[in-house]
Amino acid sequence: MPKNGGTERILFGHRPYWWVQETMIYPNQSSPCLEQFPITCETGPGSPSGHAMGSSCVWYVMVTAALSYTVRWKDKSAVTLHRLTWSFLWSMFWIIQISVCISRVFIATHFPHQVVLGVFAGILVAEAFEHTPAIQTASLRMYIKTNLFLFIFALGFYLSLKLLDIDLLWSVPKAKKWCANPDWINIDTTPFAGLVRNLGALFGLGLGINSEMFITSCKAADLKPLFSIIVTP
Ligand SMILES: O=P(O)(O)OC[C@H]1O[C@@H](O)[C@H](O)[C@@H](O)[C@@H]1O
């Protein structure tokens, strides 16, 4: 088994801009030339797309929450309005997702299946959040404990695999090797930077949910908690 054969399955997915340089499927160096852009050289694994996942997750929460608000309108004209709103919001949702997906594929940082997977993974995460009331009612202390657990688990997992000579950061050297311009390598895109940013977002959610401003705005407007977090300035 090649050295990275296992890790590519744990944190998996080649990105087109390096895959096309390394694959053996094109005979006699006839591999296509993929143009790179200043935002092409992401250093993490490609599957699923983080941008597609983040975008579909946030927009899914906003659209479903807005629709659950309009569904309370009872009279007949309101039903028509609700249908129009439904069509408009879901059309916007898919236009945004398709635009994100096409742009990620266009800049050669993703294969099509990776962005499609990202969109559906984002919707799944949003559904899981909406159907797990504990996420929306947990105390700040619980959020801090969860953050610590996730950080220690990720670090422990990384170090344990390192001892077994499996490198979870296998994608970083590939990005450095095949990026057309070293200035386009952004260290913020490494898996550990992403982990710290995501833990920061989770901590921010805990802070927000437990803030006085959130509690009063959520009650006053009778909004779904997650939607309220997004619209509260
Ligand atoms: O997988 P993509 O679409 O290239 O997105 C990668 C990005 O995904 C985000 O979720 C991470 O927070 C970033 O650190 C990372 O750069």
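Residues numbered from 1 in each chain as written. Predicted model: local features only at pLDDT ≥ 70, side-chain atom pairs only at ≥ 80, totals over all residues. Heavy atoms only, no water.

With an unreviewed UniProt entry as reference, the chain is termed glucose-6-phosphatase, source organism Hirundo rustica rustica. In the Sequence similarities (unreviewed entry) part of its UniProt record, the chain is described as follows: "Belongs to the glucose-6-phosphatase family." (UniProt positions renumbered as here; feature names shortened; annotations may be inferred.)

**Topic: the environment of Thr40**
If you trace the backbone, Thr40 turns up in the loop between helix H2 (16–22) and helix H3 (50–70). What makes Thr40 buried here is its relative accessible area of 0%. C-alpha separation for the pair Thr40 and Thr109, spaced 69 residues apart in sequence, amounts to 5.3 Å. For Thr40, the residues in contact, after removing those within four places along its chain, are Tyr17, Ile107, Ala108 and Thr109. Engagement of the side chain of Thr40 in a polar contact is seen with the backbone nitrogen of Phe37, the distance being 2.7 Å. A polar atom in the side chain of Thr40 sits 2.7 Å from the backbone oxygen of Ile107. (Helix = DSSP H or I, 4+ residues; strand = E, 2+ residues; numbered from the N terminus. Buried < 20%, exposed > 50% of the residue type's maximum accessible area, 1.4 Å probe, protein only. Contact = heavy atoms within 4.5 Å. Polar contact = N/O pair within 3.5 Å; in protein donor to acceptor, adjacent residues only side chain to side chain.)

**Overview of the site of the ligand**
Around the ligand sit Arg15, Glu42, Ser49, Gly50, His51, Arg104, His110, Asp188, Thr189, Gly194 and Arg197, and that is every residue in its neighbourhood. Contact distances for the ligand include 3.0 Å between an oxygen atom and a side-chain N or O atom of Arg15. Measuring from an oxygen atom of the ligand, one finds a side-chain N or O atom of His110 at 2.9 Å. The set of elements that each furnish at least two residues to the shell around the ligand consists of H3 and helix H9 (191–209). A breakdown of the residues in the shell around the ligand according to their chemical character gives no nonpolar, six polar and five charged. (Near = heavy atom within 4 Å. Nonpolar A, V, L, I, M, F, W, Y, C, P; charged D, E, K, R; others polar.)

**Observations concerning the pattern of salt bridges**
Pairing is possible between side chains that carry opposite charge, provided their charged atoms lie close to one another. The final tally for this structure, using the stated rule, is three salt bridges. Of the charged contacts, one joins Glu22 and Lys174 as a salt bridge, the two residues approaching to 2.9 Å between their closest N and O atoms. Residue Glu22 is found in helix H2, and its partner Lys174 is found in helix H8 (residues 171–178); the two are separated by 152 residues along the sequence. Here Lys174 falls in the buried class, since its relative accessible area comes to 15%. Salt-bridge contacts for Arg104 lead to Glu42; the nearest nitrogen and oxygen are separated by 3.1 Å. (Salt bridge = Lys/Arg side-chain N within 4 Å of Asp/Glu carboxyl O.)

**A few points about the nonpolar core**
Residues Tyr60, Val63, Trp90 and Phe93 are the most contacted members of the largest nonpolar core, which totals 14 residues. Mapped by element, the contributors of at least two residues to this core are H3, helix H4 (76–106) and helix H5 (112–130). The dominant element in this core, judged by the number of residues it contributes, is H3, at six residues. What Val63 contacts, discounting residues up to four positions off in sequence, is Leu89, Trp90 and Phe93. (Core = buried A, V, L, I, M, F, W, Y, C linked by side-chain atoms within 4.5 Å.)

**Observations regarding the environment of Leu199**
Note on placement: Leu199 falls in helix H9. Separated by 53 residues in the primary sequence, Leu199 and Thr146 have C-alpha atoms spaced 9.2 Å apart.

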